[in-house]
Amino acid sequence: IRDSVRTLGEAGSLTAETEAYLLEHAVAIEPFSKDVLACLPSAQYVIPPEEIARRLDLRNGDAHVYSIDPPGCVDIDDALHLKNLGDGRFEVGVHIADVCHFVERNTPLDLESARRAETFYLVNTRANMVPELLSENLCSLHPHVDRLAFSVIMEMDDAANVISRNFVKTVIRSRGALSYAEAQARIDAADGTSDELTTNLKTLNRLARKLRQRRMDEGALELASSEVKFELEMGSDGRPDPRSLPTAMTLSTSDAAHSLIEEFMVLANCLVARRTAEAFPRQALLRLHPQPKLDDFASLQRALARHGIPFNAATAADLANSLKCASKPGDQSFN
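Residues numbered from 1 in each chain as written. Predicted model: local features only at pLDDT ≥ 70, side-chain atom pairs only at ≥ 80, totals over all residues. Heavy atoms only, no water.

**Student:** Outline the pattern of salt bridges, supporting the account with residue identities and numerical values.
**Tutor:** Counted under the stated rule, the structure contains 22 salt bridges. Between Arg173 and Asp146 there is a salt bridge, and its shortest N-O distance comes to 2.7 Å. Here the residue Arg173 occupies a position in strand β8 (residues 162–173), and Asp146 occupies one in strand β7 (residues 146–157), the gap between them amounting to 27 residues. Under the relative-accessibility criterion, Arg173 is labelled partly exposed at 30%. In this structure Asp146 comes out as partly exposed when scored by relative accessible area, which is 27%. Between Asp158 and Lys210 there is a salt bridge, with the nearest N and O atoms lying 3.7 Å from each other. With Asp158 in the loop between β7 and β8 and Lys210 in helix α7 (residues 196–217), this residue pair connects regions lying 52 residues apart in the sequence. (Salt bridge = Lys/Arg side-chain N within 4 Å of Asp/Glu carboxyl O. Helix = DSSP H or I, 4+ residues; strand = E, 2+ residues; numbered from the N terminus. Buried < 20%, exposed > 50% of the residue type's maximum accessible area, 1.4 Å probe, protein only.)

**Student:** Give a detailed account of the packing of α7 against helix α8 (residues 256–279), specifying residues and quantitative values.
**Tutor:** Two elements in contact, α7 and α8, have axes whose closest approach is 9 Å; the angle formed by their N-to-C orientations is 65°. Classified by chirality, the crossing of α8 by α7 is left-handed. Facing Leu201, Leu204, Asn205, Leu207, Ala208, Leu211, Arg212 and Arg215 of α7, the residues of α8 in contact are Ala256, Ser259, Leu260, Glu263, Phe264, Val266 and Leu267. Partitioning the contact of α7 with α8 into residue classes produces ten nonpolar, two polar and three charged. (Axes fitted to C-alpha atoms, helices over the stretch in contact; angles between N-to-C directions. Left-handed = near helix turned anticlockwise from the far one by under 90°. Contact = heavy atoms within 4.5 Å. Nonpolar A, V, L, I, M, F, W, Y, C, P; charged D, E, K, R; others polar.)

**Student:** Residue-level account of the nonpolar core, with values.
**Tutor:** With 29 residues, the main nonpolar core has Leu80, Val92, Met154, Met156, Leu260 and Phe264 as its most contacted residues. Looking at this core, the elements that each hand over two or more residues are β2 (65–69), β3 (78–86), β4 (89–97), β7, α6 (180–188), α7 and α8. Among the elements that line this core, the one with the most residues is α8, at eight residues. Residues within four places of Leu260 in sequence aside, it is in contact with Leu80, Ile187, Leu201, Leu204, Asn205 and Ala208. Counting 24 residues, the second-largest nonpolar core is a separate cluster that includes Ile76, Val130, Ile153 and Val171. (Core = buried A, V, L, I, M, F, W, Y, C linked by side-chain atoms within 4.5 Å.)

**Student:** Explain the pairing of β4 to me, using residue names and the numbers behind them.
**Tutor:** In terms of burial, β4 is a largely internal element, seven of the nine residues being buried. By the bridge criterion, eight bridges tie β3 to β4 in an arrangement that is antiparallel. Bridge pairing links Ala79 to His95 in β4. Hairpin geometry of β3 and β4 is characterised by an intervening segment of two residues between the two adjacent antiparallel strands and by a positive phi of about 55° at Asp87. Looking at chain direction, β4 and β7 are connected through nine bridges and run antiparallel. Within β7, the residue paired with Gly93 across the bridge is Ile153. (Pairing = 2+ DSSP bridges.)

**Student:** Could you give an account of the environment of Ile153, with specific residues and numbers?
**Tutor:** Among the structural elements, Ile153 can be located in strand β7. Exposure remark for Ile153: the relative accessible area of 11% places this residue in the buried category. The spacing of Ile153 and Leu82 is 71 residues in sequence and 9.6 Å in space, taken between C-alpha atoms. In contact with Ile153, other than residues within four places in its own chain, are Leu56, Leu58, Glu91, Val92, Gly93, Ser164, Arg165, Asn166 and Val168.

Put into structure tokens, the structure is as follows:
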């Protein structure tokens, strides 16, 4: 017990309170051990020719890859490309950083990553699942550098139907890292005066809207609220200083650029899940959300009834439709 007790710092200080919060929730924040770091490749790692030969090489073709993330993102783990095939058909690629290439089974790096489970993001700090050399460098899909990826490449029609799909390990070289605002500006740009990237983003956005509408029509339930964003003081390196207290707070709302990324990530995950279930029917796991419990909504149902608004939560689709219809024209506070 004595070895597990230590002083974190002065109560009320940002550093001590943050560390206490993470420790309370069993989030690993200690530095990676020497054994874990010994599993990492060199910081000057270059993809070997024999590894490139085993993969689909998308670096020099007409599959122009771009990423869309929050401004200042350093761990870019997904990217997209779109290629117009003509006759109302498109090739869409969803590319995920192939971190597993660098994590050999049952090594200290593998076991420590499993223990940490995921990366935790706080306002002023983060607790990484894998060392920064991987998360922020070799596995981050930065533009203009060669990166290893695991890709879902789909052929789609103009109605966003998936005609065919392929799961393949790839080598990519992103053409650019766009912020959500930059992507949104291109989506909102006037038609007819667009460059190739803007045209592709507009097409991806049109397909994403159709994917989303289809999910909603099939009974998807979406419970979304505004995300709180904090601004920090800038450090001498031009990046937010993680030791500073927040200087401002804003509410960010989801726009078309956010939805575009979300829809294609959901689609890729669904395709991978179906393929996994086909290949490993006895091992594949399905995370299934239970149906809503009607008793949980009894008080809400009575309250809405007093305003003449019907409410039904028998299924997720019924709940989604009830929430969509629970409004009163001209009464913003109620809505």
